[in-house]
Amino acid sequence: QKEVEQNSGPLSVPEGAIASLNCTYSDRGSQSFFWYRQYSGKSPELIMFIYSNGDKEDGRFTAQLNKASQYVSLLIRDSQPSDSATYLCAGTNTGNQFYFGTGTSLTVIP
Amino acid sequence: EAGVVQSPRYKIIEKKQPVAFWCNPISGHNTLYWYLQNLGQGPELLIRYENEEAVDDSQLPKDRFSAERLKGVDSTLKIQPAELGDSAVYLCASSQDSRTDTQYFGPGTRLTVL
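Calculation criteria
- Residues numbered from 1 in each chain as written.
- Chains lettered and ligands numbered in written order.
- Predicted model: local features only at pLDDT ≥ 70, side-chain atom pairs only at ≥ 80, totals over all residues.
- Heavy atoms only, no water.
- Helix = DSSP H or I, 4+ residues; strand = E, 2+ residues; numbered from the N terminus.
- Rg over C-alpha atoms; globule rule 2.2 N^0.38 Å.
- Buried < 20%, exposed > 50% of the residue type's maximum accessible area, 1.4 Å probe, protein only.
- Contact = heavy atoms within 4.5 Å.
- Lys, Arg positive; Asp, Glu negative; His and termini not counted.
- Charge placed at Lys NZ, Arg CZ, Asp CG, Glu CD.
- Disulfide = S-S within 2.5 Å.
- Phe/Tyr/Trp six-rings, centres within 6.5 Å; stacked < 30°, edge-to-face > 60°.
- Lys NZ or Arg CZ within 6 Å of the ring centre and 35° of its normal.
- Buried area = accessible area lost by both parts, 1.4 Å probe.
- Salt bridge = Lys/Arg side-chain N within 4 Å of Asp/Glu carboxyl O.
- Polar contact = N/O pair within 3.5 Å; in protein donor to acceptor, adjacent residues only side chain to side chain.
- Nonpolar A, V, L, I, M, F, W, Y, C, P; charged D, E, K, R; others polar.

Undergrad: Hey, could you run me through the overall build of chain B in this one?
TA: The number of helices and strands found in chain B is zero helices and 11 strands. Listing each helix as α and each strand as β along chain B from the N terminus yields β-β-β-β-β-β-β-β-β-β-β. Expected size for 114 residues packed as a compact globule is a radius of gyration near 13 Å; at 13 Å, chain B falls within 12% of this value. Put simply, chain B has 114 residues, and 48% of those count as buried. Residue pairs at least 24 apart in sequence account for 54% of intrachain contacts in chain B once pairs closer than 6 positions are excluded. Separation of charge centres in chain B, based on 12 positive and 15 negative side chains, amounts to 6 Å.

In structure tokens, the structure reads:
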């Protein structure tokens, strides 16, 4: 079982809609979670990190963490074509090892 | 402020040849990471350095891969000999320290083994 699992997609949403990206993790002791965005042919770039249960908002992005369900999500409001990319969920396990998921491909249709 | 620098950006070699990748992290970043990323997959950690010490190399295939960060700044990742399956993008990332875990990635080196 992988440490962090994501639905690879692809996920398509119309411009202006809410895109919902989901991730589950296996190590119940994991503390830190990150969402990275990766455009095709480019390197990952950090969007948000979340450590505490609940929601964390930054502009159009909201990260949600539910430790009881071992579930992390990223919501993108008012999706734009420029949001089209692969979104990588990552976490740090109890051994302080860092794992990425396989990523979810998002396409925002104009 | 300059970002993470990697070279070369692209490398094509024949199997069984050696290859080396170089990374210069963001100034002041003590933690350096080397990742391997295959197409359609997330980055997989190969090795993590805290200053010059390799604190996590559990995923590094030590029979053919080696890495060094002698002065705690720039780092080199080597493969000898390369195999066809080593074709991938090799990413270097750095962070101020492992507690923050906010990693900044370099542009990567795309390796093709023929």
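On we go from here.
Undergrad: Honestly, the state of the cysteines in this entry has me stumped. Any pointers?
TA: Linking two cysteines covalently via their sulfur atoms produces the bond known as a disulfide. All names here are of chain A. For the structure shown, the criterion picks out two disulfides over all chains. The disulfide partner of Cys23 is Cys89, and the gap between their sulfur atoms is 2.1 Å. What sets the handedness of the Cys23 and Cys89 disulfide is the S-S torsion sign, and at about -70 degrees it is left-handed. With a gap of 66 residues between them, Cys23 in strand S3 (residues 19-25) and Cys89 in strand S9 (residues 85-92) connect regions that are remote in the sequence. For Cys23, a relative accessible area of 1% puts it in the buried group. On the basis of relative accessibility, which here comes to 0%, the residue Cys89 falls in the buried class.

Undergrad: Just to check I follow, could you spell out the packing of aromatic side chains for this structure?
TA: Note on aromatic pairs: each is described by the distance of the centres and the angle between the planes. A complete count under the given rule lists 13 aromatic pairs over all chains for this structure. The interplanar angle of 20 degrees and the centroid separation of 6.1 Å between the aromatic rings of Tyr33(B) and Tyr35(B) together place this pair among those described as stacked. Residue Tyr33(B) shares its accessibility class with Tyr35(B), and that shared class is buried. Aromatic rings pair up to connect Phe34(A), Tyr36(A), Phe49(A), Tyr51(A), Phe98(A), Phe100(A), Tyr33(B), Tyr35(B) and Phe105(B) into one cluster. The cationic tip of Lys56(A) hangs over the ring face of Phe49(A); the distance from NZ or CZ to the ring centre is 3.6 Å. One Lys or Arg, Arg60(A), reaches over the ring of Phe61(A) and ends 5.5 Å from the middle of that ring.

Undergrad: Would you explain the interface of chain B and chain A in this entry?
TA: Where interface size is given, it is often the accessible area lost as the parts come together that is meant. Chain B puts 21 residues into the contact, and the matching count from chain A is 17 residues. Summed over both sides, the interface between chain B and chain A buries roughly 1400 Å², with carbon and sulfur atoms accounting for 44% of that surface. Counting every contact that joins chain B to chain A gives zero salt bridges. Summed over the shared surface of chain B and chain A, the number is five residue pairs in polar contact (both at pLDDT 80 or more). Only strand S4 (31-37) and strand S5 (44-50) of chain B provide two or more residues apiece to the side of chain B that touches chain A. Taken together, the residues of the side of chain B that touches chain A sort by class into six nonpolar, 11 polar and four charged.

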